[in-house]
Amino acid sequence: MTLLSFIENLNSTVTEIAWSVFVLAWAVGWALRGSPIPIFRIKRGGQDLIEDAIIAAFFLAIGSTIFYVISYIASQV
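Position numbers for residues start from 1 in each chain and track the written sequence from start to end. The predicted origin of the model limits local features to residues at a pLDDT of at least 70 and limits the giving and counting of side-chain atom pairs to 80 or more, whereas totals for whole chains, interfaces and linings rest on all residues. Values shown for side chains rest on all heavy atoms present in the structure; no hydrogens or waters enter the calculation.

Novice: I'd like to hear about the UniProt feature "transmembrane region" (unreviewed entry) in the chain, residue by residue, with values.
Specialist: The feature "transmembrane region" (unreviewed entry), as annotated in UniProt, sits at residues 12-32 and 53-74 in this numbering. Numbering of helices and strands starts at the N terminus; helices are DSSP runs of H or I of at least 4 residues and strands are runs of E of at least 2. Helix makes up 100% of residues 12-32 and strand makes up 0%, while its end C-alpha atoms are separated by 30 Å. In residues 53-74, the share of helix is 100% and the share of strand is 0%. The end C-alpha atoms are 31 Å apart. UniProt positions are given in the numbering used here, feature names are shortened, and annotations may be inferred rather than shown by experiment.

Below you can see the structure in the form of structure tokens.
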């Protein structure tokens, strides 16, 4: 196992876990926001989870792209 394959494997594993956490936060956020509970703070907490999940997905996509470009350049050297 080379260093490059280890980094690519680690990157894919971390990215997969991060996307799973994003989907979980997204689902919980929508479940709280759409729940029939008449407590506004719970609904606002769901909205905050959705907003945080969207921001996290954006940074996750940017970070994944950067790591992919770095590993592509390293494999060409």
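Next comes the rest of the account.
Novice: How would you summarise helix H2 (residues 40-76) if you had to cite specific residues and measurements?
Specialist: The end-to-end C-alpha distance of H2, which contains 37 residues, comes to 54 Å, matching closely the 54 Å that a straight helix rising 1.5 Å per residue would cover. Relative accessibility under 20% of the residue-type maximum defines a buried residue, over 50% an exposed one, and the middle range a partly exposed one, all with a 1.4 Å probe and only protein chains included. Of all the positions in H2, only Gly46, Gln47, Ile50, Ala53, Ala57, Leu60 and Ser71 are classed as buried. In this description, contact between two residues means that some pair of their heavy atoms is separated by no more than 4.5 Å. Along its buried surface, H2 packs onto helix H1 (3-33). What a helix should span is 1.5 Å times the count of its residues minus one.

Novice: Hey, could you go over the environment of Met1 for me, with residue numbers and the actual values?
Specialist: Take Met1: it is sitting in the segment before H1. Sequence-wise, Met1 and Ala56 are 55 residues apart; in three dimensions their C-alpha atoms are separated by 31 Å.

Novice: Let's hear about the packing of aromatic side chains: which residues, and what values?
Specialist: Only centres within 6.5 Å qualify two rings of Phe, Tyr or Trp (six-membered ring in Trp) as a pair; their planes then separate them into stacked at under 30 degrees, edge-to-face at over 60, and tilted for everything else. Summed over all chains, the structure comprises four aromatic pairs. Aromatic pair Phe22 and Trp26: ring centres 6.0 Å apart, planes at 45 degrees, arrangement tilted. One end of the pair is Phe22 and the other is Trp26, both in helix H1 and four residues apart, which spans about a single turn. The class for Phe22 is buried, based on a relative accessible area of 18%. Taking the centre distance of 5.3 Å and the plane angle of 70 degrees together, the rings of Phe58 and Phe59 count as edge-to-face. Classification of Phe59 by relative accessible area gives exposed; the value is 54%. Members of the aromatic cluster, connected to one another through ring pairs, are Trp19, Phe22, Trp26 and Trp30.

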